[in-house]
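Examination of the molecular architecture
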Amino acid sequence: MKFFGLQVRVCLRTLVLILSILQVSGLYAQERAGLVRGEVHNANNEPLAGVSVVIRNARTNFTTGTSTDSSGNFVFSRLTPGGPYSLTFTMVGFEKQTLGGYNLKESATLSLVVKMTQSGASLDQVVVVGYGTLKRKDLTG
């Protein structure tokens, strides 16, 4: 009977050791992660809210996205070191902008300031009707 008790103790110690190793490796992985943050402005240096920002790792094909907050800020956390990473910025009324070739180092923070330029094409006034669209002049006569 003592033999069985000894086996249980050894199994418990082994289980605790394995869980400890997994916890430490998880902490190590978090320390190695990179961070990308930035600000998006228009030509007058005013912050742009609602800009779509997509980041892509060309080597691993990892892609995720976010949008800028009311202050024009965005953050991507826990990114795998390496790269190359590219960031694409899009917003209605502004030209699409892609920045590429960024390699992240372990535990490093990449900070960007992006200036969006207005697109040359102007939007015409459009009224949405059901599932279709009509120009305002066609609808009101």
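Below is a summary of the structure that appears in this document. (Residues numbered from 1 in each chain as written. Predicted model: local features only at pLDDT ≥ 70, side-chain atom pairs only at ≥ 80, totals over all residues. Heavy atoms only, no water.)

1. Here we look at the overall build of the protein chain
Note the cut-off: A run of DSSP states H or I qualifies as a helix once it reaches four residues; a run of E qualifies as a strand once it reaches two. Both are numbered from the N-terminal end. Per-residue accessibility, obtained with a 1.4 Å probe over protein chains only, is compared with the maximum for each type, and a residue is labelled buried under 20%, exposed over 50%, and partly exposed between these values. We call two residues contacting when some pair of their heavy atoms lies within 4.5 Å. Every accessible area reported is derived by Shrake-Rupley at a probe size of 1.4 Å, with residue values counting cover from the shown protein chains alone.
Of regular secondary structure, the protein chain possesses two helices and nine strands. The order of α-helices and β-strands along the protein chain, N terminus first, is α-β-β-β-β-β-β-β-β-β-α. Every one of the 141 residues in the protein chain was classed for burial, and the buried ones make up 21%. Long-range contacts, defined as pairs at least 24 residues apart, comprise 52% of the intrachain contacts of the protein chain with a sequence gap of at least 6. With an accessible surface of roughly 10300 Å², the protein chain has 56% of that area assigned to carbon and sulfur atoms.

2. Points about the packing of aromatic side chains
Worth spelling out the cut-off: Two rings from Phe, Tyr or Trp (for Trp, the six-membered ring) form a pair when their centres are within 6.5 Å of each other. A pair whose planes differ by under 30 degrees is stacked, one over 60 is edge-to-face, and the rest are tilted.
Scanning the model with the defined rule gives two aromatic pairs in all. Between Phe 74 and Phe 89, the aromatic rings sit 5.7 Å apart at their centres with planes inclined by 65 degrees, giving edge-to-face as the arrangement. Taken together, the residues Phe 74 in strand E4 (residues 73-79) and Phe 89 in strand E5 (residues 82-90) connect sequence positions 15 residues apart. On the basis of relative accessibility, which here comes to 0%, the residue Phe 89 falls in the buried class. Ring-pair connections join several aromatic residues into one group, and the members of that group are Phe 74, Phe 76 and Phe 89.

3. A closer look at the environment of Thr 80
By the secondary structure assignment, Thr 80 is in the loop between E4 and E5. Between the alpha carbons of Thr 80 and Asn 57 there is a distance of 9.0 Å; along the sequence they are 23 residues apart. With sequence-adjacent residues up to four places away left out, Thr 80 is seen in contact with Tyr 85 and Leu 104.

4. Remarks on the sheet that holds strand E1 (residues 34-41)
Filter applied, for reference: Here, strands pair whenever DSSP counts at least two bridges between them. Axis lines are fitted to C-alpha atoms, over the contacting stretch for helices. Their N-to-C directions set the angle, which ranges from 0 to 180 degrees.
Read across the open sheet, the three strands follow the order E4-E1-E7; overall the sheet is mixed. The two strands at the open ends of the sheet, each matched to only one other strand, are E4 and strand E7 (109-115). Going across the sheet, the axis of each strand differs from the next one's by a mean of 15 degrees, ignoring polarity. Here E1 runs beside E4; their pairing, made up of five bridges, is antiparallel. Opposite Gly 34, over in E4, you have Leu 79 as the bridge partner.

5. Re the pairing of strand E3 (residues 63-67)
Across five bridges, the pairing between strand E2 (residues 52-57) and E3 is antiparallel. Looking across to E3, one finds that Ser 52 is bridged to Ser 67. Remark: five residues form the turn of the hairpin made by E2 and E3, two consecutive strands paired antiparallel; Asn 61 in that turn has positive phi of roughly 65 degrees.

6. Remarks on the sheet that holds E5
Sheet strands pair by backbone hydrogen bonding; their relative direction is either parallel or antiparallel. In spatial order, the strands read E3-E2-E5-E6; together these four strands make up an open sheet with antiparallel pairing. Bordering the open sheet on either side are E3 and strand E6 (97-104), each of which pairs with just one other strand. Averaged over all pairs of adjacent strands, the angle between their axes in this sheet comes to 20 degrees, without regard to strand direction.

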